[in-house]
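Reading the structure
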Amino acid sequence: MNRPTTHSKKAFFFFTFLMCSIGLMAQTLNKPTAIANPNFGSGGSPWTAACASATFNDYYVNFKWSTPNVLSDNTFVLELSDATGSFASPTALTTVTDKNSSMDFDIKFSLPTTTRGDGYKLRVKSTSPEIYSPATQAYNMYYIDYKNPIQITENGSGNIGDGTISICNGSTAIIATDNVPNSETYNYIWRKSSTILSETGPSLTVSESGMYSVEIDYGSVCSGSAGTLSNMITVETGTALGVTINTPTKTSYCEGETASALEATIANSDIFYTWYKDGTVVQAKAQGSYTYAFDTNDADFAGAYTVKVEGDGICAETTPALSISKTGAFTVTENTPLEMVILPGESKTLSVTSTAVSPTYQWYKNNTAISGATTSTLTISEEAEYYVAVSQGGACPSSLNSNKINVVAPSSFELIANYTTTYSDCDYSEIVLDVATINAVAANGRKTDVTADLKASMSYQWKKDGTAISGATSSSISLTDISENGSYQIDATIESFNTSSNSLPVVLRSNEVITIEASSLVACNSTDFITISTTTDLTGATFGWAKDGTIIDTTSLDLNTTDAGTYRLMVTRNGCSIPSNEVTISPLDESLITLDSPLNIVFPEGGSKTITASGGTAYEWRDANNTSISNSASISLTTEGTYTLTAYVENCVIIKEVNVSYKDTFKIPNVITVNGDGINDLWLIPNSYSYQADVNVIIYNDKGEEVYNVFEYQNNWPESSTGFTSQNMVFYYKIIKGSDTIKQGTITVIK
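In this report, we go over the structure that sits alongside the text. Each chain carries its own residue numbering, running from 1 in the written order of its sequence. Per-residue local features of the predicted model are confined to residues with pLDDT of at least 70, and side-chain atom pairs are confined, for both listing and counting, to 80 or more; whole-chain, interface and lining totals are unaffected and use all residues. Here the side-chain values reflect all heavy atoms present in the structure, with hydrogen atoms and water set aside.

Comments concerning the overall build of the protein chain
Within the protein chain, the secondary structure is distributed over three helices and 67 strands. In this description the radius of gyration comes from C-alpha coordinates, and the expected globular size is given by 2.2 Å times residues to the power 0.38. The C-alpha atoms of the protein chain give a radius of gyration of 47 Å, which is well past the 27 Å a tight globule of 751 residues would have. C-alpha atoms of the protein chain, sized along the principal axes, occupy 155 × 90 × 50 Å. For each residue, the accessible area found with a 1.4 Å probe, counting protein chains only, is set against the maximum for its type, and the residue is called buried under 20%, exposed over 50%, and partly exposed in between. A buried classification covers 38% of the 751 residues belonging to the protein chain. The contact rule is simple, with two residues in contact once any of their heavy atoms fall within 4.5 Å. Within the protein chain, contacts between residues separated by at least 24 positions form 57% of all contacts whose residues are at least 6 apart in sequence. In the structure as shown, the protein chain presents an accessible area of about 38800 Å², 48% of it carried by carbon and sulfur atoms. Just so you know, the count uses Lys and Arg for positive and Asp and Glu for negative, and it drops His and the chain ends. Positions of charges follow a simple convention, taking NZ of Lys, CZ of Arg, CG of Asp or CD of Glu. Both charge centroids of the protein chain, one from 41 positive and one from 76 negative side chains, sit 9 Å from each other. Under the scheme used here, helices are H or I runs from DSSP no shorter than 4 residues and strands are E runs no shorter than 2 residues, and both carry numbers assigned from the N terminus. Under the convention used here, a 1.4 Å probe and the Shrake-Rupley method define accessible areas, while residue burial counts only the protein chains that appear.

Examining the state of the cysteines
Defined simply, a disulfide is a covalent bond joining two cysteines at their sulfur atoms. Count a disulfide wherever a pair of cysteine sulfur atoms falls within 2.5 Å. With the rule as written, the count across this model stands at five disulfides. One disulfide bridge connects C168 with C315, the sulfur atoms lying 1.6 Å from each other. Between C168 and C315 the sulfur-sulfur dihedral comes to about -80°; the bridge is accordingly left-handed. With C168 in strand β13 (residues 164–168) and C315 in the loop between β25 (303–310) and β26 (317–318), this residue pair connects regions lying 147 residues apart in the sequence. As far as burial versus exposure is concerned, C168 and C315 are alike and both buried. One disulfide in the model links C254 with C396; its S-S distance is 1.0 Å. The sign of the -60° torsion about the S-S bond sets the C254-C396 disulfide as left-handed. Remark: C396 occurs in the loop between β34 (384–392) and β35 (398–401) and C254 occurs in the loop between β20 (252–253) and β21 (262–263); sequence separation between them is 142 residues. Taking relative accessible area as the criterion, C396 reaches 7% and is therefore assigned buried.

Observations regarding the nonpolar core
The biggest cluster of nonpolar side chains holds 29 residues, and the ones touching the most others in it are F413, L433, I438 and V506. Sorting the residues of this core by element identifies β37 (412–419), β38 (431–441), β40 (459–464), β42 (476–479), β43 (486–494) and β45 (504–506) as the ones contributing at least two each. It is β38 that contributes the most residues to this core, five residues altogether. Residues belong to one nonpolar core when they are buried, are Ala, Val, Leu, Ile, Met, Phe, Trp, Tyr or Cys, and are joined through side-chain atoms within 4.5 Å.

Observations regarding the sheet that holds strand β11 (residues 139–143)
What makes two strands pair is DSSP finding at least two bridges between them. The three strands lie next to each other as β3-β11-β8, forming an open sheet whose pairing is mixed. Edge positions in the open sheet fall to β3 (49–52) and β8 (116–120), since each of these has one partner strand only. With direction set aside, neighbouring strand axes in the sheet form an average angle of 15°. Examined bridge by bridge, β8 and β11 share three bridges and lie antiparallel to one another. When the bridges of β11 are listed, R116 appears paired with Y142. Interaxial angles span 0 to 180 degrees and are taken between N-to-C directions of axes, which are lines fitted to C-alpha atoms, for helices over the stretch in contact.

A look at the sheet that holds strand β14 (residues 173–177)
One open sheet holds the three strands; their spatial order is β12-β14-β17, and the pairing between them is antiparallel. Where the open sheet ends on each side, the last strands, each with one partner, are β12 (152–154) and β17 (203–206). Neighbour-to-neighbour, the strand axes of this sheet turn through a mean angle of 25°, independent of strand direction. By the bridge criterion, three bridges tie β12 to β14 in an arrangement that is antiparallel. When the bridges of β14 are listed, E154 appears paired with I175.

Section: the packing of aromatic side chains
Aromatic pairs are defined between Phe, Tyr and Trp rings, using the six-membered ring for Trp, whenever the two ring centres lie within 6.5 Å; interplanar angles under 30 degrees are classed as stacked, those over 60 as edge-to-face, and all others as tilted. Under the definition given, this model contains 29 aromatic pairs. An angle of 50° between the planes, with centres 5.5 Å apart, marks the rings of W65 and F76 as tilted. Taken together, the residues span a long stretch of sequence, with W65 in strand β4 (residues 59–66) and F76 in strand β5 (residues 76–80) at a distance of eleven residues. Classification of W65 as buried rests on a relative accessible area of 4%. Taken together, a centroid distance of 6.0 Å and an interplanar angle of 80° make the contact between Y708 and Y713 edge-to-face. This pair shows no difference in class: Y708 is buried, exactly as Y713 is.

This is the structure in structure tokens:
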């Protein structure tokens, strides 16, 4: 490109003045900047990572922006990327609506509880007009919801023991966390001594000796402050000795019989032995204690015995179990309830069964032997406390008492009725009532629960509101209809005893299903009513329309509203309120209607652009002449102009305008040659500036004098070359639209 020759200082300064005075200012959103928490006083440092928790989750950024001003309905939104720094689906951390005239302010935000990662970024969105700031650098951001020391054990069993795991003969073991809720949702840092391992899950399979620990991975900055570092597990490897317990000459003994000590097959004074019975330590870990003598005088000596061996250079192992049994052990089982009632003139039979070989029996009454009562059964007619002693002869003579059976002679009975399931008035449409407890009441007022003994023997009659219910003569009654609501009581009879239970109120709700529906689910404005109605006949009924849980209308058969909220109809039948389904009416949100393209579209003349709207229930597109051109969500635009989209959300209308202009296919030239050859003789500018009735083109000479001023420029300057007195003359131009200078620069005319 040819450059203009040197010009006078006057022309240069004039051009500079023009450029400065008529320059355009573009709105700019600066990226947010981390700042210190102002609640900590002056002198604090800006945060470099966010380690939030339930006890601390306040962070601040400073945000600056420049003119032109945002619109009055603008909202600034602080957005958070995902953990990789992507804003494909940003999270809105907070919104600011009162800073549209402030270009430098601080924003407070808190991290969502799901935040965990090292690549989060922040940016600020302006909604009106919709533009975005640059994103910040990537930050470590973690919400620390678990911040206690982790416990790790073998297989996550919870049993730490001595903190040692032995691996024998090249096998493996699993170390796992056992006290972290939802442990699988976290990443972990596993270490062998000080070496970080590659595994990141809640468990670790190990095959090598070493000292292992773990902590939750909250990033390089936050992990240390969380305090989740676990206990240390020492893993030892070695060769199994194959130790067992020598089988003794006898494995079954009489109680009190002299028994041989148990002995491990490997007897080594340098090895540590721990003896167990049924998994419980019976002889503590001790060096060289390879034998264990159990005591047959202990009635519970029978069981499964094992021994664990440990020591330097060997693999810790536990022997297979050796079972020691008690010779002649037997059981006694009572065949009658342990709490019984005996009525005047009545007799009952007590009985037991036993696994004893050739047993003998002796019954006792109030701890005194009953003469002649030497069989497995006993017929009684008096109240007392009874039991039987069962004896077995043979090689191991022994005796075992049954449990004591308490037999009472009542002076009266107490009958307690109850609901068989959880119950409260109007919460259930059916319920079962039952005799829950029968107490025999002695003359001194002592009560004995004899439900198991007498429940099936009594005669019953249910009453509602004091009146006997025909056919209701079992110990329970099932109620399934609101017509059965009332107060219930049951009478019981046995022999000469009559008793009545407590009263149980029953208020069932109706099974009626009440349905409501709304004419629209979106509240458009304060004048367009939405009608909520029901097919249920409300004439003469007691009812109330509720909004967000509060009754707002008790008279209207149909509810008319303009307010967003959750609505429900409550109808009262027989003292119970029956709720309808819920209908939620949402406020109109214009952001529901989205376009897959910006509102200002530029494409080359002859091209096209397809725009698709979404979020609505119906659409209509109109051109600049208000002519309907499409009723679909998508439209293909081929010509310049302003297009109007009318989108419907339910019964609501949202209008958006799309401006289409042609893309300039060439730049404004800064050199023309007026030599009459028909090439580059005229100053031709793009059609977005030429032929436009509202665009003013002004040209100045090098003295700042206006030489050309026209609206709707016809690409026809200069009309002749006679006005150019020197070879290379420089002119200055401004292109003005309304009150804004949209282009300016120089034109060098070569003659």
